[in-house]
Amino acid sequence: MRFVLPALLALHGVIHLLGFVKAFELAEVAELQLPVSPRAGLLWLAAAILLVGSAAAVFLTPRLWWVPALVGVTLSQALIIGAWGDARFGTIANGILLVPILLAAVDLRPSSLRSLYRTEARAA
């Protein structure tokens, strides 16, 4: 189960590369019918980097992986809205990913059980 979240983040990020590839005509992307501007292509690339980076951060910085993931999912959804005809199903992936992202963010609040445990462990 520990590898499911990073796999979903990475897969969603890799799918965002299609927008970058289409924008700069690096390959034919028949699945995308709408045109993608170079500026939008760079934003698709940024979302891909954030999502794949957050997948790596799950292992490298497990406490803060959700920060790039939240920015990536937010950027992803904004791009999906702009290309709704081609990318609307990405909203489902963003919704699924948003659940563990928000749970991780909420877990860092001072009153969470994890934070209380760490505070009491340091005091002991």
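The structure under discussion appears in the preceding block.
Predicted model only: the values in this text are computed from it and were never measured.

Caption draft 1: Structural view of the packing of aromatic side chains. Applying the stated criterion across every chain, the model contains 2 aromatic pairs. Ring centres of Phe3 and Phe59 lie 5.6 Å apart, and the angle between their planes is 35°; on these two criteria the pair is classed as tilted. Residue Phe3 is located in the segment before helix 1 (4–23), and its partner Phe59 is located in helix 2 (residues 38–60); the two are separated by 56 residues in the primary sequence. You can call Phe3 exposed: its relative accessible area is 57%. Residue classification places Phe59 among the partly exposed residues on the basis of a relative accessible area of 35%. When the centroid spacing of 5.1 Å and the interplanar angle of 50° are considered together, the rings of Phe20 and Phe24 count as tilted. On the basis of relative accessibility, which here comes to 34%, the residue Phe24 falls in the partly exposed class.

Analysis parameters
- Residues numbered from 1 in each chain as written.
- Predicted model: local features only at pLDDT ≥ 70, side-chain atom pairs only at ≥ 80, totals over all residues.
- Heavy atoms only, no water.
- Phe/Tyr/Trp six-rings, centres within 6.5 Å; stacked < 30°, edge-to-face > 60°.
- Helix = DSSP H or I, 4+ residues; strand = E, 2+ residues; numbered from the N terminus.
- Buried < 20%, exposed > 50% of the residue type's maximum accessible area, 1.4 Å probe, protein only.

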